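Each chain, letter by letter, is given below.
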Amino acid sequence: MYCHRLAVPLARSILAQRAPLALRAENAVAARLMHTTIARKDIDSAAKYIGAGAATVGVAGSGAGIGNVFGALVIGYARNPSLKQQLFSYAILGFALSEAMGLFCLTMGFMILFAL
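Residues numbered from 1 in each chain as written. Predicted model: local features only at pLDDT ≥ 70, side-chain atom pairs only at ≥ 80, totals over all residues. Heavy atoms only, no water.

As recorded by an unreviewed UniProt entry, the protein chain carries the name ATPase protein 9 and is attributed to Caenorhabditis auriculariae. Check the Subcellular location (unreviewed entry) section of the UniProt entry for the protein chain; it says "Mitochondrion membrane". Check the Sequence similarities (unreviewed entry) section of the UniProt entry for the protein chain; it says "Belongs to the ATPase C chain family." (UniProt positions renumbered as here; feature names shortened; annotations may be inferred.)

So what exactly am I meant to see when it comes to the environment of Val59 here?
Assignment of secondary structure puts Val59 in helix α4 (residues 58–79). In sequence terms Val59 and Glu99 are 40 residues apart; their C-alpha atoms lie 8.4 Å from each other. The residues contacting Val59, other than those within four sequence positions of it, are Gly102, Cys105 and Leu106. (Helix = DSSP H or I, 4+ residues; strand = E, 2+ residues; numbered from the N terminus. Contact = heavy atoms within 4.5 Å.)

Explanation requested: the packing of helix α3 (residues 38–55) against helix α5 (residues 84–114) in the structure shown.
Geometry of a packed helix pair, given as the angle between the helix axes and the separation of the axes. Interaxial distance between α3 and α5 falls to 8 Å at its minimum, and their mutual angle equals 170°. Here α3 lies roughly antiparallel to α5, going by the angle between them. Contacts between α3 and α5 involve Lys48, Tyr49, Gly51, Ala52 and Ala55 from the former and Cys105, Met108, Gly109, Ile112 and Leu113 from the latter. Classifying every residue of the contact of α3 with α5 gives seven nonpolar, two polar and one charged. (Axes fitted to C-alpha atoms, helices over the stretch in contact; angles between N-to-C directions. Parallel < 35°, antiparallel > 145°, perpendicular 65-115°, else oblique. Nonpolar A, V, L, I, M, F, W, Y, C, P; charged D, E, K, R; others polar.)

Looking at this structure, how should I read the side chain of Ser98?
Secondary-structure assignment places Ser98 in helix α5. Under the relative-accessibility criterion, Ser98 is labelled buried at 13%. Other than its neighbours up to four places away in sequence, Ser98 contacts Ser62, Gly65 and Ile66. (Buried < 20%, exposed > 50% of the residue type's maximum accessible area, 1.4 Å probe, protein only.)

What should I look at first to understand α4 in this one?
The periodicity of an α-helix, 3.6 residues per turn, causes residues three or four positions apart to be oriented the same way. Counted at 1.5 Å a residue, the expected span for α4 with its 22 residues is 32 Å, and the 31 Å between its end C-alpha atoms agrees. Three or more residues of α4 are buried, namely Ser62, Ile66, Leu73 and Gly76. Buried residues of α4, viewed axially, fall in a sector of 95°; they line one side. Seen from the buried face of α4, the exposed residues on the opposite side, beyond 90 degrees, are Ala60, Ala64, Asn68, Val74, Ile75, Ala78 and Arg79. Next to the buried residues of α4 lie α5. (Expected span 1.5 Å × (residues − 1). Arc of directions from axis to C-beta.)

I would appreciate a short explanation of a nonpolar patch on the surface in the present structure.
A contiguous nonpolar patch, built from Val59, Leu103, Leu106, Phe110 and Phe114 and spanning about 480 Å² of accessible area, is present on the exposed surface. The leading source of residues in the nonpolar patch is α5, at four residues. Within the element layout of this structure, Leu103 appears in helix α5. (Patch = residues over 30% accessible without salt bridge, like charges linked within 9 Å, V, L, I, M, F, W, Y side chains within 5 Å. Areas by Shrake-Rupley, 256 points an atom, 1.4 Å probe, with all protein chains shown as cover. Salt bridge = Lys/Arg side-chain N within 4 Å of Asp/Glu carboxyl O.)

Before we go on, may I ask you to explain the packing of aromatic side chains in this structure?
In this description, an aromatic ring pair is defined by two values, namely the gap between the centres and the angle between the planes. If you walk through the whole model with that rule in mind, you get two aromatic pairs. The interplanar angle of 50° and the centroid separation of 5.9 Å between the aromatic rings of Phe70 and Phe95 together place this pair among those described as tilted. Here the residue Phe70 occupies a position in helix α4, and Phe95 occupies one in helix α5, the gap between them amounting to 25 residues. Geometrically, the ring pair formed by Phe110 and Phe114 is stacked, given 6.2 Å between the ring centres and 25° between the ring planes. Taken together, the residues span about one helical turn, with Phe110 and Phe114 both in helix α5 at a distance of four residues. (Phe/Tyr/Trp six-rings, centres within 6.5 Å; stacked < 30°, edge-to-face > 60°.)

Right, dumping it as structure tokens:
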């Protein structure tokens, strides 16, 4: 296994030195075709903004989830006031989980914008 890892790069370098000039020219043409044009950069930029916007839609879902959690807390407290402490601890846990999902969506949007 280790001999194969050493032999393949060595064989490629030897073949690259002995390759005819025509093959090297074809590689240069292929490398030139891979460069991005200005229109392609604009399309990539637009796709990046669309993807970041789509990723941050989850923040709205987080807000709806937080509202749902605290609405359920009020209803539960109105039905049984003696469970106030336990209901509140569950509500804080639901708030934290819902907020974390919103922050993950926001973080993913920022990663799409600034890391890619």
